[in-house]
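Commentary on secondary and tertiary structure
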Amino acid sequence: MASSERSALLTYRLCGASGEEERGRERGRAVAAATAPRKLPTFLGVVVPTLLSMFSVVLFLRLGFVVGHAGLYQALAMFAVAYFIIGMTVLSVCAIATNGALDAGGAYYMISRALGPEFGGSIGIMFFLANVCGSALYVLGLVEALVDSFGIPLGQKVGTGIHVLPQSYWYELLYGTVLLALCLLVCLVGASIYAKATFLIFLVVAGVLGTILVSFFAVQPLGVTIHLPYLNGSKTENGSFTGFSLATLQDNLGGGYGVDYTTGQRMSFSSVFAVMFNGCTGIMAGSNMSGDLKRPSYSIPRGTISAVLFTYLVYNLLAFLMCATCNRVLLQKDYGFLRDISIFPPLVTVGIYAATLSAAMSNLIGASRILYALARDDLFGRVLALAKKTSANGNPVMAVILSWLVVQLVLFSGKLNTIAGVVTTFFLLVYATVNLACLALEWASAPNFRPTFQYFTWHTCLLGIAGCCVMMFLISPVSASASLGFLLLLLLTLHYLSPSSTWGYISQALIFHQVRKYLLMLDVRKDHVKFWRPQMLLMVQNPRGSARLIDFVNDLKKSGLYVLGHVELQDLDMLPSDPLQPQQDSWLSLVDKLNVKAFVSLTLAPSVRHGVRQLLFTSGLGGMRPNTLVLGFYDDAAPQDGLAQHPAFTSTREEVPLGFPPLRAPAAPKLLSAREYVGIVADALKMLRNVLLARQLESLDKAQELRRAASPPPAIHVWPVNLLRPDSARYADTCSLFLLQMACVLNMARAWRRAHLRLFLCVEAGTMPHAQEEKLRQLLKDLRIQAQIQLVPWDAVTHLHWQTCRGPPGGPAGATEEEEEETMNFPANTTQVSDEYVCAANKLILEQSPAPVVRFLYLPRPPADTSLYPLYLHQLELLTRGLGPTVLVHGVSAVTSTQL
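Bear in mind the structure is a predicted one, so any value in this text is a computation, not a measurement.

Focus: the overall build of the protein chain
Helix and strand counts for the protein chain come out as 32 helices and 12 strands. Burial status across the protein chain gives 53% buried among its 900 residues. Partitioning the intrachain contacts of the protein chain with sequence separation of at least 6 by distance along the chain shows that 81% fall at a separation of at least 24. When the accessible surface of the protein chain is totalled, it reaches about 40,700 Å², and 61% of it is carbon and sulfur.

Details of the packing of aromatic side chains
Applying the stated criterion across every chain yields a total of 18 aromatic pairs. Centroid distance Phe79 to Tyr315: 5.7 Å. Interplanar angle 15°. Geometry classified as stacked. With a gap of 236 residues between them, Phe79 in helix α4 (residues 57-97) and Tyr315 in helix α11 (residues 296-325) connect regions that are remote in the sequence. Each member of the pair, Phe79 as well as Tyr315, carries the same accessibility label: buried. Geometrically, the ring pair formed by Phe427 and Tyr431 is tilted, given 6.0 Å between the ring centres and 45° between the ring planes. You can see Phe427 and its partner Tyr431 sitting in helix α16 (residues 416-444), 4 residues apart, about one turn around the helix. Residues Phe427 and Tyr431 agree in their burial class; the two are buried. Among the aromatic residues, those joined into a cluster by ring pairs are Phe79, Tyr83, Tyr312 and Tyr315.

Considerations on the side chain of Thr42
The topology assignment puts Thr42 in helix α3 (residues 42-54). In terms of polar contacts, Thr42 uses its side chain to reach the side chain of Ser299, at 2.9 Å. Those residues within four positions of Thr42 in sequence are excluded, and the remaining contacts are Val47, Tyr298, Ser299 and Gly303.

Details of the nonpolar core
Among the nonpolar cores identified, the biggest contains 166 residues, and Leu59, Phe60, Ile86, Phe216, Leu318 and Tyr431 are the most heavily contacted of them. In terms of residue count, the dominant contributor to this core is α4 (25 residues). If near-sequence neighbours (up to four positions away) are discounted, Ile86 is found in contact with Met54, Phe277, Cys280, Ile283, Val308 and Tyr431. Among the nonpolar cores identified, the runner-up in size contains 115 residues, and Val563, Trp752, Val833 and Ala841 belong to it.

Quick word on the pattern of salt bridges
Note on pairing: side chains with opposite charge can pair once their charged atoms come close. A complete count under the given rule lists 11 salt bridges for this structure. Between Lys702 and Asp555 there is a salt bridge, with the nearest N and O atoms lying 2.8 Å from each other. Of this pair, Lys702 sits in helix α25 (residues 702-706) while Asp555 sits in helix α20 (residues 547-556); the two residues are 147 residues apart in sequence, bridging distant segments of the chain. Of the charged contacts, one joins Asp635 and Arg695 as a salt bridge, the two residues approaching to 3.3 Å between their closest N and O atoms. Of the two residues, Asp635 sits in the loop between β6 (628-632) and α23 (647-650) while Arg695 sits in strand β7 (residues 690-695), which places them 60 residues apart along the sequence. With a relative accessible area of 17%, Asp635 lands in the buried category. What you see here is one network of salt bridges that share partners, running through Asp635, Arg695, Glu877 and Arg881.

What to know about a positive patch on the surface
Taken together, the side chains of Arg533, Lys558, Arg750 and Arg753 define a basic patch exposed on the protein surface. As for its placement among the helices and strands, Arg753 is situated in the loop between α26 (734-748) and β9 (756-763).

A short note on the sheet that holds strand β10 (residues 788-793)
Spatial ordering of the open sheet is given by β5-β4-β3-β6-β7-β12-β11-β8-β9-β10, a layout of 10 strands whose pairing is mixed. Because the sheet does not close on itself, it has two edges, and the strands there are β5 (599-605) and β10. Ignoring which end each strand starts from, the neighbouring axes of this sheet average 25° apart. Inspection of the sheet shows strand β3 (residues 536-539) paired to β6 by 3 bridges, in the parallel sense.

Focus on the confidence of the model for the protein chain
Across the protein chain, the average pLDDT comes to 80, with 85% of residues at or above 70. Taken together, the stretch residues 1-37 has pLDDT below 50 and engages in 36 contacts with residues farther than four places along the chain or on a different chain. Note that residues 807-828 has pLDDT below 50 and, in this model, 25 contacts with residues that lie over four places away or in other chains.

Notes on the pairing of strand β8 (residues 715-719)
Along any regular strand the residues' side chains alternate between the sheet's two faces. For β8, the buried fraction is high: 5 of the 5 residues fall into the buried class. Side chains of β8 alternate between two faces, with Ala715, His717 and Trp719 and Ile716 and Val718 buried alike. As paired elements, β8 and β9 share 4 bridges and run parallel to each other. Across the sheet, residue His717 finds its bridge partner in β9, namely Arg758.

A short note on the packing of helix α31 (residues 835-846) against helix α32 (residues 869-880)
Running from N to C, α31 and α32 point in directions that differ by 30°, and their axes come no closer than 7 Å. It follows that α31 is roughly parallel to α32 by the angle criterion. Side by side, α31 and α32 meet where Asp835, Val838, Cys839, Ala841, Asn842 and Ile845 of the first sit next to His874, Gln875, Leu878, Leu879 and Thr880 of the second. For the contact of α31 with α32, a count of residues per class yields 6 nonpolar, 4 polar and 1 charged.

What to know about helix α22 (residues 608-618)
All of the buried residues along α22 are Val608, Gly611, Val612, Leu615 and Leu616. Buried positions in α22, seen along its axis, are confined to an arc of 135° and lie on one side of it. With respect to the buried face of α22, the exposed residues turned more than 90 degrees away are Phe617 and Thr618. Looking at the buried side of α22, the elements it contacts are β3, β4 (562-569), β5, β6 and α24 (674-686). Downstream of α22 by one or two residues, Gly620 has phi in the positive range, about 85°.

Focus on the packing of helix α6 (residues 117-150) against helix α14 (residues 345-376)
Direction vectors running N to C along α6 and α14 enclose 160°, while the axes themselves pass 8 Å from each other. Taken together, the axes of α6 and α14 lie roughly antiparallel to each other. Crossing handedness for the pair α6 and α14: left-handed. Of the residues that constitute the contact of α6 with α14, the class distribution is 20 nonpolar, 11 polar and no charged.

Remarks on the pairing of β6
The buried fraction of β6 amounts to 4 of the 5 residues, a majority that puts the element mostly inside the structure. Of the pairings in the sheet, the one linking β6 to β7 comprises 5 bridges and is parallel in character. If you follow Leu631 over to β7, its bridge partner there is Leu693.

Let's talk about the environment of Ala482
Mapping Ala482 onto the fold places it in helix α18 (residues 477-497). Judged by relative accessible area, Ala482 falls into the partly exposed class, the value being 48%. Taking the C-alpha atoms as reference points, Ala482 and Thr425, separated by 57 residues in sequence, lie 9.9 Å from one another.

A short note on the side chain of Asn542
With respect to the helices, strands and loops of the structure, Asn542 is situated in the loop between β3 and α20. If sequence neighbours within four positions are ignored, Asn542 has contacts with Phe660, Pro661, Pro662 and Leu663.

A word on a nonpolar patch on the surface
Taken together, the side chains of Phe43, Leu44, Phe199, Leu200 and Leu203 present a nonpolar region at the surface, about 460 Å² in accessible area. Looking at the nonpolar patch, the element that brings in the most residues is helix α8 (residues 191-218), giving 3 residues. Within the secondary structure layout, Leu200 lies in helix α8.

Focus on the environment of Gln167
Along the chain, the position of Gln167 falls in the loop between α6 and α7 (169-189). Along the primary structure Gln167 and Asp148 are separated by 19 residues, whereas in three dimensions their C-alpha atoms are 9.6 Å apart.

Scoring rules and cut-offs
Within each chain, residues carry numbers counting from 1 in the order of the written sequence. In view of the model being predicted, local features appear only for residues whose pLDDT reaches at least 70, and side-chain atom pairs are presented and counted only at 80 or more, with totals across whole chains, interfaces and linings using the full set of residues. For side-chain calculations, the full set of non-hydrogen atoms in the structure is used, while hydrogens and water are omitted. Helix and strand labels come from DSSP, where a helix needs a run of H or I of at least four residues and a strand needs a run of E of at least two; each type is numbered from the N terminus. With a 1.4 Å probe rolled over the protein chains alone, any residue whose accessible area is under 20% of its type maximum counts as buried; one over 50% counts as exposed, and the rest are partly exposed. For this analysis, residues touch if any pair of their heavy atoms sits within 4.5 Å. Computed with the Shrake-Rupley method and a 1.4 Å probe, the accessible areas treat only the protein chains shown as cover for residues. Planes of paired rings set the category: under 30 degrees apart is stacked, over 60 is edge-to-face and the rest tilted, where pairs are Phe, Tyr or Trp rings (Trp by its six-membered ring) whose centres lie within 6.5 Å. Within 3.5 Å is the distance limit for a polar contact, defined as a pair of N or O atoms, with the added protein rule that one can donate a hydrogen and the other accept it, and that residues adjacent in sequence qualify only through two side-chain atoms. Residue types Ala, Val, Leu, Ile, Met, Phe, Trp, Tyr and Cys, when buried and joined through side-chain atoms within 4.5 Å, form a set referred to as a nonpolar core. When a carboxyl oxygen of Asp or Glu is within 4 Å of a side-chain nitrogen of Lys or Arg, the pair counts as a salt bridge. Exposure above 30% relative accessible area and the absence of a salt bridge qualify a residue for a patch, where like charges join within 9 Å and nonpolar side chains (Val, Leu, Ile, Met, Phe, Trp, Tyr) within 5 Å. Note on charges: Lys and Arg go in the positive column, Asp and Glu in the negative column, and His and the chain ends are not counted at all. Here the site of a charge means NZ on Lys, CZ on Arg, CG on Asp, or CD on Glu. The pairing criterion for strands is at least two bridges between them, as found by DSSP. To define axes, lines are fitted to C-alpha atoms, for helices over the stretch in contact only, and angles between the resulting N-to-C directions are given on a 0 to 180 degree scale. Values of pLDDT, which run from 0 to 100, indicate the predictor's confidence residue by residue. With respect to orientation, any angle under 35 degrees is reported as roughly parallel, any angle over 145 as roughly antiparallel, any angle of 65 to 115 as roughly perpendicular, and every other angle as oblique. Three classes are used: nonpolar for Ala, Val, Leu, Ile, Met, Phe, Trp, Tyr, Cys and Pro, charged for Asp, Glu, Lys and Arg, and polar for all others, with Gly counted as polar. Comment: arc refers to directions from the helix axis out to C-beta atoms. Crossing handedness is read from the near helix: turned anticlockwise from the far helix by less than a right angle, it gives a left-handed crossing, and turned clockwise, a right-handed one.

Right, dumping it as structure tokens:
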């Protein structure tokens with residue numbers, strides 16, 4: 001039985017695990033989970049944390065501000081828009097949360113495990129900043145409440161009674177620092193203290209809320225004196241609680257935006273919405289408790305949705321009661337008016353303090369847990385290494401301290417309304433990304449995305465994304481643009497840091513989904529020569545001896561398909577398992593290190609020829625199949641290990657991949673015979689594949705050759721005539737045009753643009769060479785190929801051929817193209833070409849100076865008689881001997897076009 005079959009059933013999680021470190025981490029989490037039993041029900045584990053996070057500053061200190069400036073109609077519209085956005089996000093949160101076990105980090109954990117480390121890490125930082133700013137916002141709200149209750153009235157130097165706290169920017173910063181230090185102490189001791197007090201705080205907040213609702217009905221109409229800051233002193237205005245009054249309601253129906261007395265800025269729909277939306281940013285508090293819930297997949301959807309609906313009803317009810325009982329001056333100028341109209345004001349004060357302090361601690365704890373999760377995942381390397389340190393009981397104390405320092409910096413902003421827009425923008429961005437993560441999972445159609453919460457579709461995700469993005473820019477275009485720019489910067493940073501993870505990448509699933517769809521749309525019946533591109537299958541016996549050839553063919557592919565093929569000579573019937581699977585990683589690592597855009601295709605076969613046939617038949621998919629076979633040349637040269645000297649491996653300390661065997665010793669037998677090698681060429685041509693034979697490409701130092709001094713410039717020599725058939729001087733047959741195309745494609749590659757094409761026109765005396773040159777120049781012009789044409793007299797070379805053949809020069813008069821093709825394939829042609837002639841042709845090529853970087857030669861078809869295969873290969877060896885890097889080309893498909 002295979003090892004994979006003996007393995008225990010894997011537990012599906014949002015985070016996959018592979019590698020010893022990750023497996024150890026998972027085992028540690030499993031042990032921790034076992035020792036800390038899940039015991040929280042839906043109400044205590046989800047509803048209570050969510051309600052406490054949403055009922056805080058906005059409910060007690062800013063709901064009157066929202067209604068007073070916006071009026072009832074616009075306030076209700078704000079609630080509808082805000083809750084529509086968070087409603088769509090809640091559906092996405094519930095879907096992701098019920099698709100696997102969650103760990104520390106909340107939204108960061110969901111997004112990172114769904115979208116990958118780049119998006120997850122950048123959004124994790126944004127979510128951390130959102131929680132940090134949220135904690136600062138709640139601390140400033142608490143400071144505001146304290147100063148309102150116990151502050152010395154503006155204009156007075158000495159306080160009276162309980163009004164003993166001085167008021168100024170620096171004093172309020174001091175109060176905020178002290179309160180934040182209290183939050184820090186609680187968080188350093190541990191979140192358990194806060195967790196134990198959660199229900200008690202909830203009872204206090206519920207009691208205060210009940211008292212407020214009763215007060216609207218029980219309190220008689222009264223006037224409220226409001227002290228407002230004015231220049232260096234204060235001024236007094238009078239607000240009134242009228243009780244239920246139709247006139248008051250009518251006055252408060254429409255908007256009446258005024259100046260915020262704490263900042264001096266004129267309010268608008270967007271600025272008021274930014275303040276109001278902070279009361280909707282606690283929807284993920286329950287999701288973060290998934291590790292402590294008895295039934296997370298049951299509790300998170302029901303608890304979160306119940307809490308959101310309850311807060312929506314309470315906000316709407318209180319907005320109506322305020323508009324019907326309080327005049328606009330009271331609502332706009334007195335943020336603490338709920339205490340003034342309460343039947344028991346001290347209880348409201350206690351409720352404000354409890355809820356706001358609880359929310360501040362909750363955000364501080366949340367920020368520290370996100371920072372700890374980011375540090376533990378090693379996405380930012382050593383930058384966050386300090387945040388990994390924990391206490392003996394596992395509390396991330398350094399993450400708490402770092403979070404506290406950042407919150408302290410935010411406190412310098414001084415006013416709640418100042419940072420409300422920034423907090424809202426950050427949370428909207430996080431919510432948009434949660435929706436994006438759910439949308440990506442849904443669109444990827446991955447079989448393992450099976451959330452137990454079914455009440456969502458890609459439409460709800462898309463609506464959530466659109467709503468978040470629109471509101472971000474409506475609230476503050478500057479903050480939204482800056483946040484997106486910062487997010488993009490983080491994305492690029494993480495992309496170039498290339499953090500490794502075993503979480504799985506949603507991008508891979510989406511790419512697979514889209515590639516499959518577009519491959520089905522790629523119809524081979526609609527192929528046109530205008531859009532032809534080379535699609536290469538390069539056969540590699542051992543990458544150690546083919547590194548430069550792999551790189552060269554990568555330049556030749558011109559954005560086409562590129563497949564590295566390899567044949568393993570084994571019989572699967574005789575093996576216990578597939579031997580190719582362990583090799584796959586080595587080949588893929590090779591592709592990455594050489595930086596070539598290639599696929600890898602490995603196969604088992606009884607012979608190399610059968611293996612190449614398999615790959616020619618099966619490589620590729622749909623309209624993306626290899627149309628060109630590339631082989632190294634068959635000669636007696638000893639293979640050289642070019643991989644060890646390749647810059648991709650010598651520039652780093654990494655060793656050459658050990659998955660590849662040593663090169664064949666010079667005296668060792670080859671894996672295929674000369675007859676089999678030529679048979680592979682013949683097979684490819686029968687299958688209508690173009691063929692390239694590359695000789696001595698391993699001696700090509702591309703960087704050195706192409707970067708040398710400009711005089712003389714590097715050159716590519718092209719010989720588009722069949723030198724092994726001197727009686728045929730055609731320059732416009734299919735093979736010649738394909739040869740020209742390949743040379744042009746190479747010249748178009750970025751690394752080869754400095755090279756110049758030189759085209760050699762072989763001419764004989766009495767054949768009007770200038771007319772032939774003009775005809776060839778016109779052909780190049782029609783094909784938009786820039787090349788220098790050089791006339792090469794070769795009478796002395798062809799004379800050797802006619803001496804051997806004893807026939808008239810020029811070939812049979814009046815021969816048609818079909819007859820010439822048949823003659824070229826006739827076996828006698830191979831036997832009629834003498835070694836003396838071939839050596840003379842080789843010398844003719846060598847005499848053309850200066851020496852080029854690479855040469856392209858015409859590859860004739862193999863003879864039909866298989867017994868002549870060795871002689872055919874011998875002639876190719878003589879023709880290319882000592883030429884340096886050379887590519888023999890035979891094309892069977894039309895690849896050039898003169899049309900638009």
